[in-house]
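Commentary on secondary and tertiary structure
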Amino acid sequence: MTDYIVRATAANNQIRAFAATTREMVETAREHHGTSPVATAALGRLLTAGAMMGSMMKNDTDMLTLQVRGDGPLGGITVTADSQGNAKGYVLNPEAMMPPKNGKLDVGGAVGIGLLNVIKDMGLKEPYVGQTILVTSEIAEDLTYYFANSEQVPSSVGLGVLMEKDNKVKCAGGFIIQLMPFAEDKTIDQLEENLKRVTSVTELLDKGYTPEQLLEELLGNLGLEITDTMPTRFYCNCSKERVEQAVVSIGRKEIQEMIDEGKDIEVKCHFCNTAYTYTIEELKDIIKRSK
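In this text the structure is predicted, and so the values were computed from the model without any measurement.

Considering the overall build of the protein
On a plain count of helices and strands, the protein comes out with ten helices and 13 strands. For the protein, whose C-alpha radius of gyration is 21 Å, the value lies close to the compact-globule estimate of 19 Å for 291 residues. Once the C-alpha set of the protein is aligned to its principal axes, its extents read approximately 70 × 45 × 35 Å. Taking as baseline every contact in the protein between residues at least 6 positions apart, the subset at least 24 positions apart corresponds to 64%. When the accessible surface of the protein is split by element, carbon and sulfur atoms take 49% of a total near 14300 Å². Across the protein, the centroid of the 30 positively charged side chains sits 4 Å from that of the 41 negatively charged ones.

Topic: a nonpolar patch on the surface
A grouping of Leu115, Ile133, Val135 and Tyr145 is seen on the molecular surface, where their side chains present a nonpolar patch of about 330 Å² in accessible area. As for its position among the elements, tyrosine 145 is in helix α4 (residues 140-150).

Structural notes on the sheet that holds strand β11 (residues 233-234)
Pairing between the strands of a sheet is mediated by backbone hydrogen bonds and can be parallel or antiparallel. Strand order in the open sheet formed by six strands is β7-β6-β3-β4-β5-β11, and the pairing between neighbours is mixed. Each edge of the open sheet carries a strand with a single partner, namely β7 (128-133) and β11. As paired elements, strand β6 (residues 114-121) and β7 share six bridges and run antiparallel to each other. Pairing of leucine 116 across the sheet is with threonine 132, part of β7. Relative to the sheet, helix α2 (residues 37-54) contacts β3 (63-70), β4 (76-82), β5 (86-91), β6 and β11, its axis offset from that of β4 by approximately 30 degrees.

A few points about the pairing of strand β13 (residues 275-278)
Because side chains alternate across β13, one face comprises the buried residues Tyr276 and Tyr278, and the other comprises Ala275 and Thr277, none of which is buried. Pairing analysis gives four bridges linking strand β12 (residues 265-268) to β13, with the strands arranged antiparallel. Directly across from valine 267, in β13, lies its bridge partner tyrosine 276. Linkage of β12 to β13, two consecutive antiparallel strands, is achieved through a turn of six residues, within which asparagine 273 is found at a positive phi near 70 degrees.

Notes on unusual backbone geometry
Although it is not a glycine, asparagine 13 sits at a positive phi angle of roughly 70 degrees. Along the chain, the position of asparagine 13 falls in the loop between β1 (4-10) and β2 (15-21). The phi dihedral of serine 137 is positive, around 65 degrees, even though this residue is not glycine. With respect to the helices and strands, the residue serine 137 is situated in the loop between β7 and α4. On the accessibility criterion, serine 137 (5% relative accessible area) is buried.

Some thoughts on the sheet that holds β2
Pairing is antiparallel across the open sheet formed by five strands, whose spatial order is β8-β9-β2-β1-β10. Single-partner strands in this sheet number two, and they are β8 (155-163) and β10 (225-231). The mean inter-strand angle of the sheet, taken between neighbouring strand axes irrespective of direction, is 10 degrees. In this structure, β1 lies alongside β2, joined through seven bridges in antiparallel fashion. Directly across from valine 6, in β2, lies its bridge partner alanine 19. Together, β8 and β9 (169-179) form the strand contacts of α4, whose direction differs from that of β8 by roughly 160 degrees.

Concerning the environment of methionine 25
Mapped onto the elements of the fold, methionine 25 is located in helix α1 (residues 23-33). For methionine 25, a relative accessible area of 1% corresponds to the buried category. When near neighbours in sequence (up to four residues on either side) are disregarded, methionine 25 contacts Asp3, Leu47, Ala51, Gly85, Ala87, Thr232, Arg233 and Phe234.

Basis of the calculations
Residues numbered from 1 in each chain as written. Predicted model: local features only at pLDDT ≥ 70, side-chain atom pairs only at ≥ 80, totals over all residues. Heavy atoms only, no water. Helix = DSSP H or I, 4+ residues; strand = E, 2+ residues; numbered from the N terminus. Rg over C-alpha atoms; globule rule 2.2 N^0.38 Å. Contact = heavy atoms within 4.5 Å. Areas by Shrake-Rupley, 256 points an atom, 1.4 Å probe, with all protein chains shown as cover. Lys, Arg positive; Asp, Glu negative; His and termini not counted. Charge placed at Lys NZ, Arg CZ, Asp CG, Glu CD. Patch = residues over 30% accessible without salt bridge, like charges linked within 9 Å, V, L, I, M, F, W, Y side chains within 5 Å. Salt bridge = Lys/Arg side-chain N within 4 Å of Asp/Glu carboxyl O. Pairing = 2+ DSSP bridges. Axes fitted to C-alpha atoms, helices over the stretch in contact; angles between N-to-C directions. Buried < 20%, exposed > 50% of the residue type's maximum accessible area, 1.4 Å probe, protein only.

Limitation: the analysis is restricted to geometry and does not speak to function.
See the structure below:
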């Protein structure tokens, strides 16, 4: 399995950690949406974070949604993930471009100033919704800020996507490291020292680091223990039947107008860009069923 998430603990359970490699996931997203390099990098970072954060949830039916809404050319990014390592997402303006900044893709500039929403649907009456401002709009720092402020969990998030010259994804992945409430000062000091050494996630991924090696680099001297691994992938559970619900929501009057025009309609799934065609006869059936 090339894309997978590793879950681990360290320092006698004072630290919990997650790391993932996600090249295939991000490349699949790029192929589905035809994203520009900077859009691929932004979406890839959020997909990677979503997959790891989804794996933190307890129940099979739990769902996580991450929304980044900024005033930059990308418009916004939405990612949904479950607890089994499946993630999907899209960018509002997938073809948006941004000149490089210091020789790198300017994700922060492409996202712009705005908000991060974290929505967790855990089968309760109301989903949990956390919201923070985008601190740098580079996504990793914004999630670090979210964890500290909305969940009161001191965390460090590192995310990276590196592109090839032909705009395919060369490597992608990241980590989330979190301190438990009972973490001792010496553990915190050592972790901070370790984090200072890792200046670039993409640099390590480009060297071929696995999730285990990423965590070894960050927590090796703190008694790292791998607890489990799980595959992760870009996966959309849309179907013609599910997308039909979106058609129904347009309203009977509008559907009737489409029938009167005498043309088949095409509806695309936001998350994976798959197109579903509905013929005039199918639209008539939808109207009958929606009575």
